[in-house]
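Chain and residue survey
Take a look at the letters that make up each chain.
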Amino acid sequence: MEIGDLRAGAVETAVNYLTTPPAPMAERAHVLRDATLQRIRENRYRPDELADLYSTVGRLSGVLAYALLDLGSPAEAMRHAEATVRCAERAGDLDLAAWAAGTQSLIARFQGDYPLALQHARRGLRWTGSGHGTGEARLRCGEAQCLANLGDAQGAYASLNLAEHAREHVGADAPGLFGFSVAKQSYYTGSSLIWLDGDQDARRAIVSATSAITAWRAAPPEERALKDERLAQVYIATAHALLRDVEGAAETVRPLLSLSGEERISWIGKRMGRLADLLSDPHYRGNHTAAELIVAIRDLSGGA
């Protein structure tokens, strides 16, 4: 494959990832990445093409990081995210380096290591100072998620405000998986606020996650982030549970209980598990809707 074809293949894979289950995306990324690496190893490039090749390898490694995380292999995902950082540095691709740091933070959050996740998010900010991409907004939102999980409500609010400020200076967004749209930022806001204790935070989480879903559903089919859209539904249901609205939680999450195995990415199992834990609170004792929903969630996780 020619270098232009490899680059175009990486972009297409990043776009397709939004609407395609992770396993076939991982297979495609592996093939394209290996072909790109082979060109580098065999010195089949002009000197001015090497940075482009490393950027392409980095993006394909980034797709692999996301796919492996969605498939439930965070350690392998982190290995590919680290490779993305190295390739971005060799290519001088600051936007990709910032994205990779944000993805390392994401993987650490999946593993529940919020101090490490916070370190990754803040380290990534060093690559955002001179550009007009979405890297800072994404990293600030990741920072907010970390701080919310660590119980620092004021810090989380401050980071979300900084993300909004960064959004005002965004020039162009990257395609597909490497972008950070307004909808995605609303989604991150909701997924931060559901870790805080206040009813006002839960209500704001519902508004933010609903806004993200509305924007995605109004977008062209190829731009709908289906995995995130489903997770946003879980976050809305979680916020309803925090507000003691079990019927609202059940109504929101019920469509997800019939997802096929390949559609049930690891994040859904993890966040649905938290919802089941919330519904196990003594407050819901004797509530048939809560009991039925817990059973359905546990069955879904067992069959994943």
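All of these numbers come straight from a predicted model, not from anything done at the bench. (Residues numbered from 1 in each chain as written. Predicted model: local features only at pLDDT ≥ 70, side-chain atom pairs only at ≥ 80, totals over all residues. Heavy atoms only, no water.)

**Overview of the overall build of the protein chain**
Each helix and strand counted, the protein chain has 14 helices and zero strands in total. In sequence order, the secondary structure elements of the protein chain are arranged as α-α-α-α-α-α-α-α-α-α-α-α-α-α. The C-alpha radius of gyration of the protein chain comes to 20 Å, within 12% of the 19 Å expected for a compact globule of 304 residues. Oriented by its inertia axes, the alpha-carbon framework of the protein chain measures out at about 70 × 40 × 35 Å. (Helix = DSSP H or I, 4+ residues; strand = E, 2+ residues; numbered from the N terminus. Rg over C-alpha atoms; globule rule 2.2 N^0.38 Å.)

**Remarks on helix α5 (residues 94-110)**
Two residues of an α-helix separated by three or four positions point the same way, owing to the 3.6 residues in each turn. Given a rise of 1.5 Å per residue, 17 residues ought to cover 24 Å, and the 24 Å separating the end C-alpha atoms of α5 matches this to within 8%. The element α5 is extensively covered by neighbouring structure, given that 15 of its 17 residues are classed as buried. G112 sits one or two residues past α5 and shows a positive phi near 80°. (Expected span 1.5 Å × (residues − 1). Buried < 20%, exposed > 50% of the residue type's maximum accessible area, 1.4 Å probe, protein only.)

**Some remarks on the side chain of T252**
Within the secondary structure, T252 is located in helix α12 (residues 246-253). Within the structure, the side chain of T252 is placed 2.8 Å from the backbone oxygen of G248, a separation counted as a polar contact. Discounting residues that sit within four places of it in the chain, T252 has contacts with Q233, I236, A237 and H240. (Polar contact = N/O pair within 3.5 Å; in protein donor to acceptor, adjacent residues only side chain to side chain. Contact = heavy atoms within 4.5 Å.)

**Looking at the pattern of salt bridges**
Opposite charge on two side chains makes pairing possible when the charged atoms of those side chains draw close. Throughout the structure, instances matching the rule amount to 17 salt bridges. E136 is the partner of R140 in a salt bridge, and the nearest nitrogen-oxygen pair spans 3.8 Å. With R140 and E136 both in helix α7 (residues 135-149) and four residues apart, the pair spans about one turn of that helix. Residue classification places R140 among the buried positions, given a relative accessible area of 17%. On the basis of relative accessible area, E136 is assigned to the partly exposed category, the value being 27%. With its nearest N and O atoms 3.1 Å apart, the salt bridge here joins R298 to D277. With R298 in helix α14 (residues 288-302) and D277 in helix α13 (residues 266-279), the pair connects residues that are 21 residues apart, well separated along the chain. (Salt bridge = Lys/Arg side-chain N within 4 Å of Asp/Glu carboxyl O.)

**Describing the side chain of Q104**
Mapped onto the secondary structure, Q104 falls in helix α5. Filtering out sequence-adjacent residues up to four positions away, Q104 remains in contact with M78, A81, E82, V85, H120 and R123.

**Quick notes on the environment of G129**
Looking at where G129 falls in the secondary structure, it is placed in the loop between α6 (114-124) and α7. Sequence separation between G129 and H240 is 111 residues, and the spatial gap between their C-alpha atoms is 38 Å.

**Let's talk about the packing of helix α11 (residues 226-242) against α12**
Viewed as axis vectors pointing N to C, α11 and α12 meet at an angle of 170°, and their least axial separation amounts to 7 Å. What the angle tells us is that α11 and α12 run roughly antiparallel. Of the residues in α12, those in contact with Q233, I236, A237, H240 and A241 of α11 are G248, A249, T252 and V253. Split by residue class, the contact of α11 with α12 holds five nonpolar, four polar and no charged. (Axes fitted to C-alpha atoms, helices over the stretch in contact; angles between N-to-C directions. Parallel < 35°, antiparallel > 145°, perpendicular 65-115°, else oblique. Nonpolar A, V, L, I, M, F, W, Y, C, P; charged D, E, K, R; others polar.)

**Focus: the packing of aromatic side chains**
Taken as a whole, this structure holds eight aromatic pairs when the rule is applied. Their ring planes at 45° and their centres at 5.6 Å tell us that Y187 and Y235 sit as a pair that is tilted. Taken together, the positions of Y187 in helix α9 (residues 182-193) and Y235 in helix α11 put the pair 48 residues apart, joining distant regions of the chain. For the pair formed by Y187 and Y235, the shared burial category is buried. (Phe/Tyr/Trp six-rings, centres within 6.5 Å; stacked < 30°, edge-to-face > 60°.)

**A closer look at the nonpolar core**
Grouped together as the largest cluster of nonpolar side chains are 92 residues, with contacts concentrated most on L177, Y187, M272 and L279. With ten residues, α5 is the largest single contributor of residues to this core. In this structure, L37, I40, Y54 and A91 belong to the second largest nonpolar core, which totals eight residues. (Core = buried A, V, L, I, M, F, W, Y, C linked by side-chain atoms within 4.5 Å.)

**Thoughts on the packing of helix α3 (residues 50-70) against helix α4 (residues 74-91)**
It is at 8 Å that the axes of α3 and α4 come closest, and there the two elements cross at 165°. Comparing the axis directions of α3 and α4 gives the class roughly antiparallel. Taken as a pair, α3 and α4 cross one another with a handedness that is left-handed. Counted together, A51, Y54, S55, V57, G58, S61, G62, L64, A65, L68 and L69 of α3 and P74, E76, A77, H80, A81, A83, T84, C87, R90 and A91 of α4 form the full contact between these two elements. A class-by-class count of the residues in the contact of α3 with α4 yields 13 nonpolar, six polar and two charged. (Left-handed = near helix turned anticlockwise from the far one by under 90°.)

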